[in-house]
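Here is how the chains run, residue by residue.
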Amino acid sequence: MLVVRNAVVGPFAANAYVAACDRTGEALLVDPGGETARVLALVEPGWRVVRIVCTHGHIDHVAGAAEAKEATGAPVSLHAGDAGWLEALPRQAEMFGFEPVVAPAVDHHPGDGESFRVGASEGRVIHTPGHSPGSICLFFPQERLLFSGDTLFAGSVGRTDLPGGDFDALHASITGKLFPLGDDVRFLPGHGPAGVVGEERLSNPFVGEKPRRGRFL
Ligand SMILES: [Zn+2]
Ligand SMILES: [Zn+2]
C-alpha cells in the first residue's frame, strides 16, 4: 500500500507529495515545488526517497527539485517535452515572483506508458500534454490512485494560456487517457483538493459530460 503525505508550497500553493510503500519504506517525491525543508519533513523515519518526479516543468512544481535531489540523492524525472520550461527556470522565477531558482539536473525523461516501482507498488507514466507539452500523470492501478499534476483538478482543469499550452490537447488527454482509467480512481492534483475521476467525467465544467452550468460562473 502507498501512504501519501502532502504539503502546500510556494506562492502558487502547489501540492508536493511524498508517497511511500508501507512495506519497504521506498518513497516517491512528486512535485517538490519549493519550501524543500517542509517537503522533506513529510518523509517519515524509515522511509527513503528513491525517485523524484516533476509532473511538468512549471516553476511551482520544480523549484525545490535540485535541493531535494541533493538532500536525498534520488534521481529526477521530467518529461522531455518540458525541457524548454526547465531552461527558462530563471526567467520563470523572475516572472512569477519566486526567489532565484537552481534548475535540477534531470536524470530521466519518462515516456508514455513507462512503468516504475515504488517498493511493492507499481506505477505507470501517462503523458498528458495540454497544460504544457511535457505534462505527465502517474497512475497506480492497484491503489486506484492518480497523481494528476496540473492536468486535472477537482472541478477544473489546468490553464492552457501559457506558452506551449493547448486546450484541445488537454481535452484529449483527459477524456482519452484519464477518464478511461475508471470512475473509481482517486486523483491528487497539483493544486487544490483531491478528487474522483468519475465525478469529473460527469460534471467537470470543462471536460465533463454533463457540466453543472452555473456552478463556476
Ligand atoms: Zn503548471
Ligand atoms: Zn502548478
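What comes next concerns the included structure. Please read all numbers here as calculations on a predicted model, not as lab measurements.

Considerations on the overall build of the chain
- Summing up its helical and strand segments, the chain has seven helices and 13 strands in all.
- For the chain, whose C-alpha radius of gyration is 16 Å, the value lies close to the compact-globule estimate of 17 Å for 217 residues.
- Taken along its principal axes, the extent of the C-alpha atoms in the chain is 45 × 40 × 30 Å.
- Taken across its 217 residues, the chain has 51% of its residues classed as buried.
- Within the chain, counting contacts between residues at least 6 apart in sequence, those at least 24 apart form 57% of the total.
- Counting every atom, the chain has about 9,400 Å² of accessible surface; 53% of that belongs to carbon and sulfur.
- Seen as two clouds, the 18 positive and the 26 negative side-chain charges of the chain have centres 7 Å apart.

Remarks on the coordination of the zinc ion (ligand 1)
- Taken together, the protein ligands of the zinc ion (ligand 1) are His56 (NE2), His58 (ND1), His131 (NE2) and Asp150 (OD), with distances of 2.1 to 2.4 Å.
- Note that the zinc ion (ligand 1) binds four donor atoms; their angles at the metal cover 89 to 173 degrees, and the shape is irregular.
- Read in sequence order, the donor residues coordinating the zinc ion (ligand 1) give the pattern H-x1-H-x72-H-x18-D.
- The distance between the zinc ion (ligand 1) and the zinc ion (ligand 2) comes to 3.4 Å, with Asp150 serving as a donor to both metals. Of the two residues, His131 is situated in the loop between strand S7 (121-127) and strand S8 (136-140) and Asp150 in the loop between strand S9 (145-149) and strand S10 (152-153); the sequence distance between them amounts to 19 residues.

Some details on the coordination of the zinc ion (ligand 2)
- Note on the zinc ion (ligand 2): its protein donors are Asp60 (OD), His61 (NE2), Asp150 (OD) and His191 (NE2). The metal-donor distances range over 2.1 to 2.2 Å.
- Geometry at the zinc ion (ligand 2) is irregular, judged from the four donor atoms that bind it and their angles of 89 to 159 degrees at the metal.
- When the donor residues of the zinc ion (ligand 2) are listed from N- to C-terminus, their spacing reads D-H-x88-D-x40-H.
- With a relative accessible area of 19%, His191 lands in the buried category.

Description of the environment of Gly25
- Of note, Gly25 is situated in the loop between strand S2 (14-21) and strand S3 (26-30).
- Judged by relative accessible area, which is 7%, Gly25 ranks as buried.
- Sequence separation between Gly25 and Phe139 is 114 residues, and the spatial gap between their C-alpha atoms is 19 Å.
- If near-sequence neighbours (up to four positions away) are discounted, Gly25 is found in contact with Gly46, Trp47 and Arg48.

A short note on the pairing of S8
- Of all five residues in S8, five are buried; the element is thus mostly enclosed.
- By the bridge criterion, three bridges tie S8 to S9 in an arrangement that is antiparallel. Note that in S9 the partner of Leu138 across the bridge is Phe147.
- Between S8 and the antiparallel strand that follows it, S9, lie four residues; Arg144 among them carries a positive phi value of about 55 degrees.

Observations concerning the sheet that holds S2
- What the five strands build is an open sheet, ordered S1-S2-S3-S4-S5; its pairing is mixed. Each end of this open sheet is capped by a strand with a single partner; those strands are strand S1 (2-9) and strand S5 (76-77).
- Here two bridges tie strand S4 (residues 48-53) to S5, and the two strands are oriented parallel to one another. The partner of Val53 across the bridge, within S5, is Ser77.

Reading the values: the criteria
- Residues numbered from 1 in each chain as written.
- Chains lettered and ligands numbered in written order.
- Predicted model: local features only at pLDDT ≥ 70, side-chain atom pairs only at ≥ 80, totals over all residues.
- Heavy atoms only, no water.
- Helix = DSSP H or I, 4+ residues; strand = E, 2+ residues; numbered from the N terminus.
- Rg over C-alpha atoms; globule rule 2.2 N^0.38 Å.
- Buried < 20%, exposed > 50% of the residue type's maximum accessible area, 1.4 Å probe, protein only.
- Contact = heavy atoms within 4.5 Å.
- Areas by Shrake-Rupley, 256 points an atom, 1.4 Å probe, with all protein chains shown as cover.
- Lys, Arg positive; Asp, Glu negative; His and termini not counted.
- Charge placed at Lys NZ, Arg CZ, Asp CG, Glu CD.
- Donors = N, O, S within 2.8 Å, 3.2 Å for Na, K, Ca; no water.
- Tetrahedral: all angles 85-135°; square planar, octahedral: opposite > 155°, others 65-115°.
- Pairing = 2+ DSSP bridges.

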